[in-house]
Amino acid sequence: AAGAYLLAPLVVTQSGIQVADVAGAGLLMATIALASAPVATWTWRRFSLLGLGLGLVATTKLALLPCVAGVMLFVVGATVWHAHQHRRTQAAAVLLVLVGLLFFAVAAPWWLRNVTRYGNPVYPAGIPLIGRGIFLSSDYPRIDGEFVPSPVLWPFYPLLERHSDRSGVGALFALGAIIG
């Protein structure tokens, strides 16, 4: 399935340019598929792949950060629930630490670079109250306003994103949220 995905014409066409929608969505689908197995069958390898997958999604397409948070909450919730049912909280804690470490092993280099350069770990996405970053020129508030009406609304960017040539998965996410 992974080979078929990588050989799809849309993926091959976009592999040489900066458009990360297809790659981000594919990584997200693969990570969700990993999390879809019964929790009783999850091994340390699956937890490792979940951490790596979520880190890759988070650094591939910033519009998918709410999805990363949702999958991470599901992984934590399912693991805690299963551990509580079987009285294995210490093992669950170790596995969740593994997920977190691998997630940050992937995301930290990019986020640290962005904090150093812009004062914002998820640049060019905005964070409430600071917008796109604290080390930027004065024209960025105008650019921020083109995507969302206020910096406080950046967490809702995927739901508010207008469909245009500059849009990502946000409009598709909003459509899926309404249907789902």
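Residues numbered from 1 in each chain as written. Predicted model: local features only at pLDDT ≥ 70, side-chain atom pairs only at ≥ 80, totals over all residues. Heavy atoms only, no water.

Asker: Tell me about helix α3 (residues 21-35), residues and numbers included.
Answerer: Taking 1.5 Å per residue as the helical rise, α3 with its 15 residues ought to reach 21 Å, and the 21 Å between its terminal C-alpha atoms agrees with that figure. Considered for burial, the residues of α3 that qualify are Asp 21, Val 22, Gly 24, Gly 26, Leu 28, Thr 31 and Ala 35. (Helix = DSSP H or I, 4+ residues; strand = E, 2+ residues; numbered from the N terminus. Expected span 1.5 Å × (residues − 1). Buried < 20%, exposed > 50% of the residue type's maximum accessible area, 1.4 Å probe, protein only.)

Asker: Go over unusual backbone geometry, please, and point to the residues and values.
Answerer: Unlike most non-glycine residues, Arg 87 shows phi in positive territory, near 55 degrees. Along the polypeptide, Arg 87 turns up in the loop between α5 (65-86) and α6 (89-118).

Asker: An account of the environment of Phe 104 is needed here, citing residue identities and associated values.
Answerer: Of note, Phe 104 is situated in helix α6. Considering only alpha carbons, one finds Phe 104 and Gly 55, 49 residues apart in sequence, at a separation of 6.6 Å. Not counting residues within four places of it along the chain, the set of residues in contact with Phe 104 comprises Pro 109 and Trp 111. (Contact = heavy atoms within 4.5 Å.)

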